[in-house]
Amino acid sequence: MTALLQVRGLTKRFGGLLASGGLDLDVHQGEIHALIGPNGAGKTTAIGQLAGEIRPDAGTIRFDGQEIGHLPVHRRVALGLTRSFQVTSILPAFTALENLMLVHLVREGHPFRFLRSARQDLGLQRQARDSLAGLGLLARADIPAEDLAHGEQRQLELAMALATGAKLLLLDEPMAGLGPTESLAMTEILRRLKRQLTILLVEHDMDAVFALADRVTVLVSGQVIASGPPDAIRADPAVREAYLGAEAG
Amino acid sequence: MADNRRHAAVLGLTFLLLLLLPQLATALSKPDLLTLGSQIAIYAIAAASLDLLIGYAGMSSFGHAGFFGLGGYVVGILAFHAADNSLFLGIVPGLTDAWLVWPIAIAVTALAALAIGALSLRTSGVSFIMMTLAFAEMLYFLFVSLKTYGGDDGLGFRRRNALPWIAPRDDVAFYYVCLAVLAIFLIAMRHLVQSRFGMVLQGLRQNERRMAAIGVAPYRVRLAAFTIASAGAGLAGALNANLLRYVSPDSLHWTMSGDLMVMVVLGGAGSLYGAVLGAAAFVGLQSVLAQWTEHWMIAMGPILVCTVLVARRGIWGLLAGRR
């Protein structure tokens, strides 16, 4: 089985800090692959490099059989690789519906249409409504995104990432700042997505990680110290010491 | 919906007033009003084009006068060569027909903006402001050094560009031409900001990282916006040269860029139509205050500060309400 995403020797240094020290990672088609590790382990930097925002110093990134390490962010999105952000990242002045309409119009590939009104475009509106409905946000379509509750904003962000038509989602702490009920709701949403696409999940919420992940990779100081099924990871003494143990103690 | 009606009312009244300005000038026997009216219409075009950058795209260009002045110099230089039957750079003959000269002015400024924007947009924030300022200053000193075209003193010419059915010396007719160009320009800009392109542009202002993450190439979109806006300034500059039958390096000086920014902020950034009100307020205040003192900016400054503090969305926001 070849991996949908195949990372080899990914290296990134910020001054004296080794954020990614020769990272190897395989994410297989259809799985939820969790990337965990203590703060400062280099998880977000890894996501940034996979998404194309940060240029790695060395290493290769193959996605869907193609080397993408040199491509800018928008080209990777077009291939089906999209990220979400740790800090909620939406378009605050636009309504929820407009946020989604924007994603669909970019996906259709005509950002350079100058004259026809976009907001009145019924086709775009319908697609955007479908996307919102998928995450239960349809009732909130006409609310400016900045006025949505935090949990709704996180869902909106996820809806936007999904609407790009992604094959692989890079989710950077989708549960961040969510209350216990909202976290459970988000876990449920991600579980439903599992059949449709592949997810690389960075998350601190261990309940969510072990409930969702098919495989887990543990990162400490930019190095992979373990990778495997959740049960094996839970039992791994090195992991317990470096990460889970530290948290428990 | 009530807001929409209020919009239409403010917009309708403004244009009605502008339409009747020549009659008003005659009735009050103040012929100067007509020149002021043309000046307002022309500045409104330049300010509206700058509002596309500042208010919609979130790109604070501080070099807009560079393109305004460049458009004017296209008119001036072509008129200069037409007058003495010589060739520009030894190949281009002089021209005086508006239907040729104005599109050329637009094309030349668009090309200049494409080049300047391509470099400036590699930066953002304060660096972008400084880059645009620097390029406009380079244009300024270029025209100061061109002694053939008047250098410091500027370049005058005898006749406005010829338009079909319109007598070149008819000031009222020229005023209506400016007003018509303004109306067409505003309609085009309204369509632009509501188009797919306009939505992407406003998205980039709000959150560039998010836009990249949904598949937008920010650089190309911004460059297109910069080029379109600058071409609008070039058109305004061409009209301005026609109004005054004169161009000078002053029209590309950075203080002119500052004046245009003041108009945008005064009128209300991100409102497009606010540019008309901003230009009217600026030109009106300038002409009133300048009668009292040569240092009219002393009074203009506090007025601007008060407007920004009282009405964060400018005069347009004050009159027409939110958005």
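Fair warning: this is a prediction, and the values are worked out from it, not measured in the lab.

1. Looking at the overall build of chain A
Helix and strand counts for chain A come out as nine helices and 10 strands. Its C-alpha atoms give chain A a radius of gyration of 18 Å, near enough to 18 Å, the size a compact globule of 249 residues would have. With respect to the principal axes defined by its C-alpha atoms, chain A has extents near 60 × 40 × 35 Å. Looking at the 249 residues of chain A, the share that counts as buried comes to 45%. Put simply, 66% of the contacts in chain A that link residues at least 6 apart link residues at least 24 apart.

2. Considerations on the overall build of chain B
Across its full length, chain B carries 14 helices and four strands. Its C-alpha atoms give chain B a radius of gyration of 19 Å, within 12% of the compact-globule value 20 Å for 323 residues. Its C-alpha atoms put chain B at 55 × 50 × 40 Å along the principal axes. Taken across its 323 residues, chain B has 50% of its residues classed as buried. Long-range contacts, defined here as pairs at least 24 residues apart, represent 76% of the contacts in chain B between residues at least 6 apart.

3. Looking at the interface of chain A and chain B
Facing 29 residues of chain A, the contacting portion of chain B comprises 21 residues. Split by residue class, the side of chain A that touches chain B holds 18 nonpolar, six polar and five charged.

4. Observations concerning the environment of leucine 115 of chain A
Structurally, the position occupied by leucine 115 of chain A is in the loop between helix H3 (96-108) and helix H4 (122-134). With residues up to four places along the chain from it excluded, the contact list for leucine 115 of chain A reads His191 and Ser195 of chain B.

5. Description of the environment of leucine 193 of chain A
Within the element layout of this structure, leucine 193 of chain A appears in helix H6 (residues 180-193). Along the backbone, leucine 193 of chain A and glycine 30 of chain A are 163 residues apart, and their C-alpha atoms lie at a distance of 9.6 Å.

6. Notes on the nonpolar core
Residue and element names in this part refer to chain B. Among the nonpolar cores identified, the biggest contains 179 residues, and Ala44, Ala47 and Ala279 are the most heavily contacted of them. When residues of this core are assigned to their parent elements, the largest contribution, 15 residues, is made by helix H3 (residues 32-57). The residues contacting alanine 47, other than those within four sequence positions of it, are Leu260, Met263, Val264, Gly267, Ala275, Gly278 and Ala279.

7. Structural notes on the sheet that holds strand E4 (residues 58-63) of chain A
All names here are of chain A. Reading across from one edge, E2-E1-E4-E5 is the order of the four strands in this open sheet, with antiparallel pairing throughout. Single-partner strands in this sheet number two, and they are strand E2 (17-27) and strand E5 (66-67). Where E4 and E5 come together, two bridges link them in antiparallel fashion. In the sheet register, arginine 62 faces E5, and the bridge partner there is glutamate 67. Along the sheet, helix H1 (residues 43-51) makes contact with strand E1 (5-14), E2 and E4, crossing E2 at roughly 65 degrees.

8. A closer look at the pairing of E4 of chain A
Residue and element names in this part refer to chain A. Pairing between E1 and E4: five bridges, direction antiparallel. Its bridge partner being in E4, glutamine 6 is matched across the sheet by arginine 62. Here E4 folds back onto E5, and the loop between the two strands holds two residues, one of which, aspartate 64, carries a positive phi near 55 degrees.

9. A closer look at the sheet that holds strand E9 (residues 215-220) of chain A
All names here are of chain A. The six strands lie next to each other as E6-E7-E8-E3-E9-E10, forming an open sheet whose pairing is mixed. On the outer flanks of this sheet lie strand E6 (81-83) and strand E10 (223-228), each paired with one strand and no other. Averaged over all neighbouring strand pairs, the angle between strand axes comes to 15 degrees, with direction disregarded. The pairing of E9 with E10 spans five bridges and is classified as antiparallel. Paired with threonine 217 across the two strands is serine 227, which belongs to E10.

10. Here's the deal with H4 of chain A
All names here are of chain A. Its 13 residues give H4 an end-to-end C-alpha distance of 18 Å, which sits within 8% of 18 Å, the value for a rise of 1.5 Å per residue. For H4, every residue scored as buried is listed here: Leu124, Ala128, Ser131 and Leu132. Take H4 and look down its axis: the buried residues cluster within an arc of 95 degrees, on one side only. Along H4, exposed side chains directed more than 90 degrees from the buried face belong to Leu122, Gly123 and Arg126. Each element contacted by the buried residues of H4 is listed here: H3 and helix H5 (150-163). Positive phi shows up at glycine 136, right after H4, with a value of about 70 degrees.

11. Considering the confidence of the model for chain B
Confidence in the prediction for chain B averages 93 pLDDT; 99% of positions are at 70 or higher. On the interface metric, ipTM, the complex scores 0.88, and its pTM is 0.91.

12. Considering the packing of helix H5 (residues 98-120) of chain B against helix H10 (residues 218-244) of chain B
Residues and elements named next belong to chain B. Relative to each other, H5 and H10 sit at 145 degrees, their axes nearing to 7 Å. In this structure, the crossing between H5 and H10 has a hand that is right-handed. Where H5 abuts H10, its residues Val101, Trp102, Ala105, Ile106, Val108, Thr109, Ala110, Ala113, Leu114, Gly117 and Ala118 lie against Leu223, Phe226, Thr227, Ser230, Ala231, Ala233, Gly234, Leu235, Gly237 and Ala238. Of the residues assigned to the contact of H5 with H10, the class counts are 15 nonpolar, six polar and no charged.

13. With respect to the confidence of the model for chain A
Across chain A, pLDDT averages 90, with 97% of residues at or above 70. Mean pLDDT values over the elements of chain A span from 68, in helix H9 (residues 237-248) of chain A, up to 96, in strand E8 (residues 198-202) of chain A.

14. Focus: the packing of helix H4 (residues 64-83) of chain B against H5 of chain B
Residue and element names in this part refer to chain B. Interhelical geometry of H4 versus H5 gives an angle of 135 degrees and a closest axis separation of 9 Å. Relative to H5, the element H4 lies oblique. The chirality of how H4 crosses H5 is right-handed. Between H4 and H5, the residues in contact are Phe67, Leu70, Gly71, Val74, Val75 and Leu78 and Val101, Ile104, Ala105, Val108, Thr109, Ala112 and Ala113, respectively. Residues that form the contact of H4 with H5 fall into these classes: 11 nonpolar, two polar and no charged.

Analysis parameters
- Residues numbered from 1 in each chain as written.
- Chains lettered and ligands numbered in written order.
- Predicted model: local features only at pLDDT ≥ 70, side-chain atom pairs only at ≥ 80, totals over all residues.
- Helix = DSSP H or I, 4+ residues; strand = E, 2+ residues; numbered from the N terminus.
- Rg over C-alpha atoms; globule rule 2.2 N^0.38 Å.
- Buried ≥ 20, exposed ≤ 12 C-beta atoms within 10 Å, placed from the backbone.
- Contact = placed C-beta atoms within 7 Å.
- Nonpolar A, V, L, I, M, F, W, Y, C, P; charged D, E, K, R; others polar.
- Core = buried A, V, L, I, M, F, W, Y, C linked by C-beta atoms within 7 Å.
- Pairing = 2+ DSSP bridges.
- Axes fitted to C-alpha atoms, helices over the stretch in contact; angles between N-to-C directions.
- Expected span 1.5 Å × (residues − 1).
- Arc of directions from axis to C-beta.
- pLDDT = per-residue confidence, 0-100.
- Left-handed = near helix turned anticlockwise from the far one by under 90°.
- Parallel < 35°, antiparallel > 145°, perpendicular 65-115°, else oblique.

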